[in-house]
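Geometric and topological summary
Residue strings, one per chain:
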Amino acid sequence: MSNNIKDRFKQFVAPTYGRFPLTLANGKGSYIWDTNDKQYLDFGGGIAVNCLGHSHPEIGQTLSEQSSRLIHCSNLYHFEGQSQLAENLTKRIAPGRVFFCNSGAESSEVMIKLARRSGQMEGRFEIITAENSFHGRTMAGISATGQAKVKDGFAPLLQGFSHVPFNNLEAIRSSITPSTVAVMIEGVQGESGIHPATPEYLLGLRELCNNHDLLLLWDGVQCGHFRTGSFQSFQTILSDHNSEFLPDAVGMAKSLGGGFPMGAVWISEKHAEVLCPGTHGSTFGGNPLACAVGNKILEIIDRDNLEKNANEIGNYLVDELTIIQKNHKNIIKAIRGIGLMIGIEMNAEVESFDKKIPASIQWVSALHEAGLLTIPAGNSIVRFLPALNLKHEEAQAGISLFEQTIKKLTS
Ligand SMILES: Cc1ncc(COP(=O)(O)O)c(C=O)c1O
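The shown structure was predicted, so the numbers you read here are calculated from the model rather than taken from an experiment.

1. Observations regarding the overall build of the protein
Per the secondary structure count, the protein includes 13 helices and 17 strands. Computed over the C-alpha atoms, the radius of gyration of the protein is 21 Å, within 12% of the 22 Å expected from 2.2 N^0.38 for a compact globule of 411 residues. Sorting the 411 residues of the protein into buried and exposed places 46% on the buried side.

2. Things to note about the packing of helix H3 (residues 57-69) against helix H10 (residues 288-303)
Where H3 meets H10, the axes come as close as 9 Å, and the angle between the chain directions of the two elements is 150 degrees. On the basis of the axis angle, H3 is roughly antiparallel to H10. The way H3 lies across H10 gives a crossing that is right-handed. Note on element contacts: H10 touches H3 through Pro288, Leu289, Ala292, Val293, Lys296 and Ile300, opposite Glu58, Ile59, Thr62, Leu63, Gln66 and Ser67. Residues of the contact of H3 with H10, tallied by class, amount to seven nonpolar, three polar and two charged.

3. Looking at H3
Along an α-helix, residues three or four apart share an orientation, since each turn contains 3.6 residues. Compared with an ideal rise of 1.5 Å per residue, which puts 13 residues at 18 Å, H3 spans 19 Å between its outermost C-alpha atoms and is within 8% of the ideal. What H3 keeps buried is the set Ile59, Thr62 and Gln66. Buried residues of H3 fall within an arc of 60 degrees about the axis and therefore sit on the same side. Across H3 from its buried face, at more than 90 degrees, point the exposed residues Pro57, Gly60, Gln61, Ser64, Glu65 and Ser68. Turning to H3, the residues buried within the fold contact H10.

4. Details of the environment of Pro288
Within the element layout of this structure, Pro288 appears in helix H10. In contact with Pro288, not counting residues within four places along its chain, are Gln66, Leu70, Ile71, His72, Cys73, Phe79 and Gly81.

5. Here's the deal with the confidence of the model for the protein
The predicted model of the protein has a mean per-residue pLDDT of 97, with 100% of residues at 70 or higher. Here helix H1 (residues 2-12) stands out as the element of the protein with the lowest mean pLDDT, 94, in contrast to strand S11 (residues 249-252), whose mean of 99 is the highest.

6. Comments concerning the nonpolar core
A general tendency of soluble globular proteins is for nonpolar side chains to be buried together. Among the nonpolar cores identified, the biggest contains 102 residues, and Val183, Leu217, Ala249, Ala264 and Val265 are the most heavily contacted of them. If you tally residues by element for this core, the top one is H10, at seven residues. Lining this core are residues from two domains, each supplying at least three of them: domain 1 (2-56 + 305-410) and domain 2 (57-303). In this structure Val183 touches Ile128, Ile172, Leu205, Cys209, Leu214, Leu216 and Leu217, once residues within four positions along its chain are discounted.

7. Some thoughts on the site of the ligand
In the vicinity of the ligand lie 15 residues, with Gly104, Ala105, Gly136, Val221 and Gln222 positioned nearest. Counting residues per element, the shell around the ligand draws most heavily on helix H5 (residues 104-119), at three residues. Of the residues assigned to the shell around the ligand, the class counts are five nonpolar, seven polar and three charged.

8. Notes on the sheet that holds strand S2 (residues 31-34)
Sheet architecture is open: four strands sit in the order S1-S2-S3-S15, paired in mixed fashion. Whereas interior strands pair on both sides, the edge strands pair on one side only; in this sheet they are strand S1 (24-28) and strand S15 (372-373). Of the pairings in the sheet, the one linking S1 to S2 comprises four bridges and is antiparallel in character. Looking at the pairing, Leu24 lines up with Asp34 of S2. Along the sheet face, helix H13 (residues 392-410) touches strand S3 (39-42) and S15 and points at about 110 degrees away from the line of S3.

9. Some details on the packing of helix H4 (residues 80-90) against H10
Where H4 meets H10, the closest approach of the two axes is 8 Å, and the angle between their N-to-C directions is 40 degrees. The pairing of H4 with H10 is recorded here as oblique in orientation. Viewed along their axes, H4 and H10 form a crossing whose handedness is left-handed. From H4, Gly81, Gln82, Gln84, Leu85 and Asn88 reach across to H10, where they touch Pro288, Cys291, Ala292, Gly294, Asn295 and Leu298.

10. Description of the sheet that holds strand S16 (residues 375-377)
What the four strands build is an open sheet, ordered S13-S14-S17-S16; its pairing is antiparallel. Looking along the sheet, the strands with just one partner apiece sit at the ends: strand S13 (332-338) and S16. Geometrically, the sheet is characterised by an average inter-axis angle of 25 degrees between neighbouring strands, direction not taken into account. Note: S16 against strand S17 (residues 381-384), three bridges, orientation antiparallel. The residue of S17 that forms the bridge with Ala377 is Ile381. Contacts from helix H11 (residues 306-327) reach S13, strand S14 (341-346) and S17, with the element oriented near 170 degrees to S13.

Definitions and cut-offs
- Residues numbered from 1 in each chain as written.
- Predicted model: local features only at pLDDT ≥ 70, side-chain atom pairs only at ≥ 80, totals over all residues.
- Helix = DSSP H or I, 4+ residues; strand = E, 2+ residues; numbered from the N terminus.
- Rg over C-alpha atoms; globule rule 2.2 N^0.38 Å.
- Buried ≥ 20, exposed ≤ 12 C-beta atoms within 10 Å, placed from the backbone.
- Axes fitted to C-alpha atoms, helices over the stretch in contact; angles between N-to-C directions.
- Parallel < 35°, antiparallel > 145°, perpendicular 65-115°, else oblique.
- Left-handed = near helix turned anticlockwise from the far one by under 90°.
- Contact = placed C-beta atoms within 7 Å.
- Nonpolar A, V, L, I, M, F, W, Y, C, P; charged D, E, K, R; others polar.
- Expected span 1.5 Å × (residues − 1).
- Arc of directions from axis to C-beta.
- pLDDT = per-residue confidence, 0-100.
- Core = buried A, V, L, I, M, F, W, Y, C linked by C-beta atoms within 7 Å.
- Domains from an automatic or database assignment.
- Near = placed C-beta within 6 Å.
- Pairing = 2+ DSSP bridges.

Below, the structure is given as structure tokens:
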């Protein structure tokens, strides 16, 4: 049966993804099973999406109840769920308004359109982003992204983006021109292998943006929604700084819907009227079904204290990884963790590895064999992006599978 599925993929599904040879069938909490009933502990969370794990009963119930009342009605009308979710997200950031869309790339589009429209009267349109950033796969998303590989073959790209080294204020300062309208960053670069912004960078960036009348656009798609231990990663990064730091817009997706596809952008009150009627839209964005799930997820995260759990389990994982690193010095080169967003830079020079395939893919494949799902990044990084409700014993089990795999590959 699994081969049938893979054959159909080969014949009928566009080959944009290099897929691992796993065929997954069902999941429960942080566990998932393939079509041969092999069990995996899921530390990948569908790339930072399954914030409550798999098949959460209350999400199933919410979907079922809402779909028996109203699945979709369009954004031509008002309805309760969207108003509630907008308020729910806003009160976790600051006064402002929320635009709803369906994905992370669309949230980047919204922020880019917001910046362009706010600078239009003055002829300002340029946006500075970071090298190695990732902002999605649409034309604007790949133009904003600071990685050559996502742009290859798609010229001409959208004009008006420049890319500078991350965590380097001077690089931003020297890239500002009379046409610059915004700076766009991820609080923690995810796809590049978990690189958090420093507090000094964020505070300096806000000041620089204020001084040059630039919008500070925050891509919180991967690092948002409590993944770092606070609702947004700037709240985590600046937790010891007693600062009033706020971006001008925050993009969200992934964990926002816990697996139900949705995205959103919070826009500060100052810029809230820039995208006025007729300037942007989305047929599906924030429909009743999506918003019911989004509201339920926030209710569960609050009720079950998952913000604290993300912090505690994240710290536990990093501590345990650090012990493994001490015992296998030449295997783990670096560990970068902030809450449940952890990047482990592995040694690429493993004897049994095929030199033509990135080591990150081969480490992740070896972990699959052991029964642990993780996410590759770059040439040699393994990411842990598990559910926010990961239990201590599950974290322990994952660490043990990780260490077993290192021992097996290097003995
Ligand atoms: C920081 C960031 N922005 C945007 C995106 C694009 O999101 P989506 O795949 O939902 O379009 C991603 C996806 O990985 C991301 O990590």
